[in-house]
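Examining the three-dimensional arrangement
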Amino acid sequence: MGKQFRVLCPMDTRKLLLIMGVSFAVVLVAQYVELPYVNFFSSLFSSTTTKGSVLAGVSSFSSEMVVNTTLIFDLNSTDANAAHETTANSTEITNLVNRTDNEVNSTGKDKNSSADFVGVSDNSRIHNESASDKNGGEPQRAFFVNNFTKDNNSSVDKHMAEPPREEEKSGLLQNFNSSTQNISSVNFEPEDVKSSDNGSKTQKGGEPQRSSLVDNLMKDNKSTVDKHIVESLREAEKSGLLQNVDSAMHNNSSVSRGPEVKKSSEVSTPAVISIYEMNNLLLQSRASQLLMRPRWSSAVDQELLYAKSQIENAPILKNDPRLYAPLYKNVSMFKRSYELMEQRLKVYIYREGSRPVFHQPVLKGIYASEGWFMRLLESNKHFVTRNPKKAHLFYLPFSSRMLEETLYVPNSHSHKNLIAYLKNYLDMIVTKYPFWNRTGGADHFLVACHDWAPSETKNIMVNCIRALCNADVKEGFRFEKDVSLPETYVRTPKNLLRDLGGKPLSKRPFLAFYAGSMHGYVRPIILKYWLNKDSDMKIFGRLGNSKGKMNYVRYMQSSKYCLCPKGYEVNSPRVVEAIFFECVPVIISDNFVPPFFEVLNWESFAVFVLEKDIPNLKNILLSIPRKKYLHMQMRVKKVQEHFLWHANPVQYDVFHMILHSIWYKRVFR
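None of the values given here were measured: they were computed from a predicted structure. (Residues numbered from 1 in each chain as written. Predicted model: local features only at pLDDT ≥ 70, side-chain atom pairs only at ≥ 80, totals over all residues. Heavy atoms only, no water.)

Some points on the pattern of salt bridges
To keep it simple, the criterion reads: The rule for a salt bridge is simple: a side-chain nitrogen of Lys or Arg has to be within 4 Å of a carboxyl oxygen of Asp or Glu. Under the DSSP-based scheme used, a helix requires at least four consecutive residues in state H or I and a strand at least two consecutive residues in state E, with every element numbered from the N terminus. When a residue's accessible area, from a 1.4 Å probe over protein chains only, is under 20% of the maximum for its type it is buried; when over 50% it is exposed; and in between it is partly exposed.
Under the definition given, this model contains 18 salt bridges. Two residues, E641 and R322, come together in a salt bridge whose shortest N-O distance is 3.0 Å. One end of the pair, E641, is in the loop between α22 (626-639) and α23 (654-667); the other, R322, is in the loop between α11 (299-312) and α12 (331-344), with 319 residues separating them in the sequence. Here E641 falls in the partly exposed class, since its relative accessible area comes to 22%. For K481, the salt bridge identified is with D482, shortest N-O distance 2.8 Å. For the pair K481 and D482, a shared accessibility class is recorded, and that class is buried.

Things to note about the sheet that holds strand β18 (residues 607-608)
Worth spelling out the cut-off: In this analysis, strands are considered paired if DSSP registers two or more bridges between them. Working rule for contacts: check all heavy atoms of both residues, and any pair within 4.5 Å makes them a contact. Between N-to-C directions, angles span 0 to 180 degrees; the directions come from axes that are lines fitted to C-alpha atoms, helices contributing only their stretch in contact.
An order of β15-β14-β16-β17-β18 is seen for the five strands of this open sheet, with the pairing classed as parallel. The sheet terminates laterally at β15 (537-539) and β18, the two strands that pair on one side only. Both strand β16 (residues 559-565) and strand β17 (residues 584-588) contribute to a ladder of five bridges, which runs parallel. When the sheet's bridge partners are listed, C564 is paired in β17 with I587. Here α22 sits on the sheet in contact with β16, β17 and β18, set at roughly 95 degrees to β17.

Digging into unusual backbone geometry
Cis rather than trans, the peptide bond between R355 and P356 has omega equal to 5 degrees. Tracing the sequence through the fold places P356 in the loop between β9 (347-349) and α13 (368-378). Here the phi dihedral of E582 falls at roughly 60 degrees; this positive angle occurs in a residue that is not glycine. Structurally, E582 can be placed in the loop between α20 (574-580) and β17. For E582, a relative accessible area of 13% corresponds to the buried category.

Looking at the nonpolar core
Cut-off, in case you're wondering: Side-chain atoms within 4.5 Å link the members of a nonpolar core, which is a set of buried Ala, Val, Leu, Ile, Met, Phe, Trp, Tyr and Cys residues.
One finds F373, F445, Y561, W602 and I662 to be the most contacted residues of the largest nonpolar core, which totals 114 residues. Among the elements that line this core, the one with the most residues is α23, at nine residues. Aside from chain neighbours lying at most four places away, what touches I662 is F373, L393, F445, V447, I465, A467 and V483. By size, the runner-up hydrophobic cluster in this structure holds 25 residues, among which are L396, L422, Y425 and Y433.

What about the pairing of strand β12 (residues 465-468)?
Of the two faces of β12, the one lined by I465 and A467 and the one lined by R466 and L468 are each fully buried. Here strand β11 (residues 444-448) runs beside β12; their pairing, made up of four bridges, is parallel. Looking at β12, one finds that A448 is bridged to L468. In this structure, β12 lies alongside strand β13 (residues 483-484), joined through two bridges in parallel fashion. Its bridge partner being in β13, A467 is matched across the sheet by V483.

Brief notes about a nonpolar patch on the surface
Operational definition: Like-charged residues within 9 Å of one another, or nonpolar side chains (Val, Leu, Ile, Met, Phe, Trp, Tyr) within 5 Å, are grouped into patches, provided each residue has over 30% relative accessible area and no salt bridge. Computed with the Shrake-Rupley method and a 1.4 Å probe, the accessible areas treat only the protein chains shown as cover for residues.
Taken together, L16, L17 and M20 make up a surface patch of nonpolar side chains, about 320 Å² in accessible area. For L17, the position within the fold is in helix α1 (residues 2-34).

Digging into the sheet that holds strand β10 (residues 393-395)
Taking strand neighbours across the sheet as the criterion, the five strands line up as β9-β10-β11-β12-β13 in an open arrangement whose pairing is parallel. Strand pairing shows two members of the sheet lacking a second neighbour, β9 and β13, which therefore form its edges. The pairing of β9 with β10 spans three bridges and is classified as parallel. Bridge pairing in β10 places I349 opposite Y395. Packed onto the sheet, α13 meets β9, β10 and β11 and runs at close to 135 degrees relative to β11.

Side note on the state of the cysteines
The criterion, for reference: Disulfide assignment relies on a single distance test, namely cysteine sulfur atoms paired within 2.5 Å.
Enumeration according to the criterion identifies two disulfides in this entry. Across the disulfide, C449 is cross-linked to C469 (sulfur-sulfur distance 2.0 Å). Classification of the bridge connecting C449 and C469 rests on its S-S torsion, roughly -90 degrees, and on that basis the disulfide is left-handed. Residue C449 is found in the loop between β11 and α17 (453-457), and its partner C469 is found in the loop between β12 and β13; the two are separated by 20 residues along the sequence. Accessibility assignment for this pair places C449 and C469 in one class, buried. For the protein chain, the disulfide bridges join cysteines in the arrangement 1-2, 3-4, where the cysteines are counted in sequence order. Summary of cysteine pairing: C564 is not part of a disulfide, and the nearest cysteine sulfur, belonging to C562, is at 6.8 Å. The class of C564 is buried, set by a relative accessible area of 2%.

Structural notes on the side chain of S332
As for its position among the elements, S332 is in helix α12. For S332, a relative accessible area of 8% gives the class buried. In contact with S332, not counting residues within four places along its chain, are A314, P315, I316 and L317.

A word on the confidence of the model for the protein chain
The cut-off we apply is this: A score between 0 and 100, pLDDT records how confident the predictor is in each residue.
Residues with a pLDDT of 70 or more make up 61% of the protein chain, whose mean pLDDT is 74. Low pLDDT (under 50) marks residues 33-211, which in the prediction has 267 contacts with non-local residues, meaning those over four places away or in another chain. Contacts from residues 244-267, a stretch scored under 50 in pLDDT, to residues over four places away or in other chains number 79 contacts.

A few points about the packing of aromatic side chains
This is how the line gets drawn: Only the six-membered ring of Trp is used, alongside the rings of Phe and Tyr, when aromatic pairs are assigned; centres must lie within 6.5 Å, and planes under 30 degrees apart are stacked while those over 60 apart are edge-to-face, with the rest tilted. The rule for a charge over a ring is simple: NZ of Lys or CZ of Arg within 6 Å of the ring centre, and within 35 degrees of the ring normal.
Scanning the model with the defined rule gives 31 aromatic pairs in all. When the centroid spacing of 5.6 Å and the interplanar angle of 90 degrees are considered together, the rings of Y348 and Y350 count as edge-to-face. Joined through ring pairs, the aromatic side chains of Y348, Y350, F394, Y433 and F435 make up one cluster. Taking NZ or CZ as reference, K528 lies 4.6 Å from the ring centre of Y529, over its face. The aromatic ring of Y324 is capped on one face by K638, whose charged end is 5.3 Å from the ring centroid.

Next comes the structure, spelled out in structure tokens:
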């Protein structure tokens, strides 16, 4: 028995070694197959591998993302530096993902992620959108760039994973967001929105301690500050509009109005769109726009197609005695389009609508542009037709100013009844006439100067051509169909050209001038940095009309540059006033589309300063060479005719320019 056992033991040992060898080979083969993806066996025995698997996939995606990001900007940027900056930003993103991998693995906590996406814009900035978490109410943050789509404006793939909340608490995501933007964005929110505490000091009790802008202003200027200015600034400070002004300026960050946080499936747009980027958007809107097809044909369709062909193939214009070429984006196309408008355009005006909202123009004040256009068009016999079948355009003759004055309930903070009133009118027009339904409203237009007009018309008149004073890219202004309406402050309707012109350059001793009420957040910032700080910068609050002293008009006529900051909205009558008094306008209003933008080359006669650059305003103006300033001031004089109202319209005046912009948009629809 003992001998038999000794014989069996070596046999069992050999079998055991064989089985172990085969098993080890199987493990090696399995590991070899699994290695490029994830460690399968370790996931069976480790409690932390779920996170490791997810993050391994994230790291893999981040590498692909870097390639896609570089490709996007290679396709869309003509500047080699832009591609370089993009590659650097992409490297930062990859480093962030790697850091995230390490830190999350060390926490030992598993979190499910769900995120919106980050869009990539043409100006090489990356911006994130946040949405509220359904459970905890905390914002969901995303930090991956989406794959590029064909036309760079479509929706993008959401190959994203939300970073763990530990990263948000540690501030890593904030550092990432700032590293992927050349200039960060700071929102000054209205008082019903909780403001961030970035840049503020903390008291012992935990409450943020903010430096008072008003106190600093009083300290710097002592007793010279006007009582009205102090009251306005204190109001603005209490409402939260001035919070974080210092940190916004010293951190070189863009200042923008605090938007509502909304879930969106669209690519986020940059916080600030420069005038250069607006030109690109205008070109893109023309290149990507499909011609609108009516539900049934009409003779006017062929006329519009003919006009479009004529404009696109306009003969090159050289040394026109009337039109100065540098003022225009394309003077040849503009002149041919204007000629065709004079020859062919017919407008039908709906007679329906009750006063005072309809057919009752306001001819005085800051909303006078819509009123004077209504009055001059309704009395015009050249462009207006009584036969709607011959009309290229249909005018909805309501006054946004009278709509607000007649129907708005004070302190209600609601426009619903105003919108309902317009909708009822439109329903009546659609029911009574077939013309709206033929094009879906694409050949109908409105002219509105009140601040609320964009929000009142954006849904019920979504396809209309809208001529708006409040031409804000961030508030739904569409380059392919909307028109920026010049806001003109008419003080004396019986003398529209009173005080026209300004002093010669030798009698303009002041570098820059501004005076006005403290509407919005930008104007108080201007006063903070420039009120009584520099003798060359004539910056005031509200100016009186004292006789024998320098008043508003005289300052404008005696200054080289006139500041045109935004108020509550992006538009300001100072833009037209500066041109009226032959002062070079300095537009300080992010995302504002200047009037007649589809035609005029604004950069040839105006200066655009970002809101974030207000502290450096004087240096910016002084950096403009004298020769360039002289050219700009001369062009202001030449472009002036396009911004003048006449009781009896004349060629190329503001009435004809508004009508031309509407005609131009219709032709290219």
